[in-house]
Amino acid sequence: MTSLLPALASMQTGADTVEIAAQELGAAIECGEVVVLSGAGISTESGIPDYRGPTGRARPATPMTIGEFAASEHAQQRYWARSHVGWRSITGANPNDGHRAVAELQHAGLLAGIITQNVDGLHQSGGAHNVTELHGALDRVICLRCRGIGSRERLDARLRLANPDFLASISASGVVKPDGDIELDDSDVRRFVIVACESCDGPLKPDVVFFGENVPADRVADCYSMVQRCRLLLVLGSSLTVASGFRFARRASRLGIEVAIVNQGPTRADGLATLRLDVPLGKTLRAVADRVAG
């Protein structure tokens, strides 16, 4: 298939560089039929760090696995204590220029879909709609027994009642992680009181895909269908290290669909991309939206 996009080497930051990148990316997007696949890198400018980007590489991560969480009440206590504290940072985060620019491109009719690997809800807060949350969302909780879905806001109120002095007395260390997790002293974890499902008294889990857990098959199928109908897959702020996101870039490439990547740092799909930009997302997407959706 003849390339529709100009090849562009990875670029460093700078006003001129961002402007050149915006011109290249704008030319790729202005014909529409674009599916966006976003990752943690689009939310770092909102204060939510990533796992594998420039900041994430200096912050080794040991995420909770589904096996560990399901098998151990202590693991659930540890997760919810840490997440209860980290949740303040998630709810306090605001969408940035990147989120708002994606929403503007969608409203201008240039996007055929938005798939996000993020669980922070910032695309929707930035004005986007019909966002497919590949890995779920932190603002929902699910019961592992009855599979009932509830709101994180309701759970947060219940946890506050069960732990009235906890937030004022903890010794938190480090920074919040993309999933709302934050390091706590073991002594703080041990005194945290968890609450159960109000319907069946089963264990509660955030409605997100943990490590070792599969993305629901129907959700994956919907994403494949979206990608297969698009003209361009635009990857924003993702290293695509995890197979759940990389598979869509691989499918697009196999079908002869153009793949463009905007990410600071290398990605697993760099060899599949026709357009590869290493530039700040917020500034670049803002310039692109002003250029093609204004």
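The preceding data block contains the structure.
Residues numbered from 1 in each chain as written. Predicted model: local features only at pLDDT ≥ 70, side-chain atom pairs only at ≥ 80, totals over all residues. Heavy atoms only, no water.

**Overview of the overall build of the chain**
Here is the rule we go by: Each helix is a run of DSSP H or I of at least 4 residues and each strand a run of E of at least 2, with the numbering of both proceeding from the N terminus. Buried means the residue's accessible area, taken with a 1.4 Å probe over protein chains only, is under 20% of the maximum for its type, while exposed means over 50%, and partly exposed covers the values in between. Contacts are residue-level and defined by heavy atoms, with any inter-residue pair within 4.5 Å sufficient. Accessible surface is estimated by sampling points in the Shrake-Rupley manner with a 1.4 Å probe; for residues, cover comes only from the protein chains shown.
Each helix and strand counted, the chain has 11 helices and 11 strands in total. Within the chain, buried positions represent 53% of all 294 residues. For the chain, the proportion of contacts with a sequence separation of at least 24, taken over those separated by at least 6, is 72%. When the accessible surface of the chain is split by element, carbon and sulfur atoms take 49% of a total near 12,900 Å².

**Here's the deal with the pattern of salt bridges**
Our working definition: The salt bridge definition used is simple: a Lys or Arg side-chain nitrogen within 4 Å of an Asp or Glu carboxyl oxygen.
Applying the stated criterion to the full structure yields 15 salt bridges. Residues arginine 291 and glutamate 19 are paired through a salt bridge, measuring 2.4 Å at the closest nitrogen-oxygen approach. Pair noted here: arginine 291 is in helix H11 (residues 281-292) and glutamate 19 is in helix H1 (residues 15-29), with a separation of 272 residues, a long-range link. The class for glutamate 19 is partly exposed, based on a relative accessible area of 34%. With its nearest N and O atoms 2.5 Å apart, the salt bridge here joins arginine 286 to glutamate 104. With arginine 286 in helix H11 and glutamate 104 in helix H4 (residues 97-107), this residue pair connects regions lying 182 residues apart in the sequence.

**Regarding H11**
We count it as follows: A helix's residues, less one, multiplied by 1.5 Å, set its expected span.
Over its 12 residues, H11 extends 16 Å from the first C-alpha to the last, a length consistent with the 16 Å expected when each residue adds 1.5 Å. Considered for burial, the residues of H11 that qualify are Leu281, Gly282, Thr284, Leu285, Arg286, Val288, Ala289 and Val292.

**Section: the packing of H4 against H11**
The following threshold applies: Angles run from 0 to 180 degrees between N-to-C directions of axes, and those axes are lines fitted to C-alpha atoms, restricted for helices to the stretch in contact. Should an angle fall under 35 degrees it is taken as roughly parallel, and over 145 as roughly antiparallel, whereas 65 to 115 is taken as roughly perpendicular and any remaining angle as oblique. Whether a crossing is left-handed or right-handed is set by the direction in which the near helix is turned from the far one by less than a right angle, anticlockwise for left-handed and clockwise for right-handed. All amino acids are sorted into three groups, where Ala, Val, Leu, Ile, Met, Phe, Trp, Tyr, Cys and Pro are nonpolar, Asp, Glu, Lys and Arg are charged, and the leftover types, Gly among them, are polar.
Relative orientation of the contacting elements H4 and H11 amounts to 25°, with a least axis distance of 8 Å. Here H4 lies roughly parallel to H11, going by the angle between them. Two packed elements cross with a definite hand, and for H4 against H11 that hand is left-handed. Note on element contacts: H11 touches H4 through Gly282, Leu285, Arg286, Ala289 and Val292, opposite Asp97, Gly98, Arg100, Ala101, Val102, Glu104 and Leu105. Across the contact of H4 with H11, the residue classes tally to six nonpolar, two polar and four charged.

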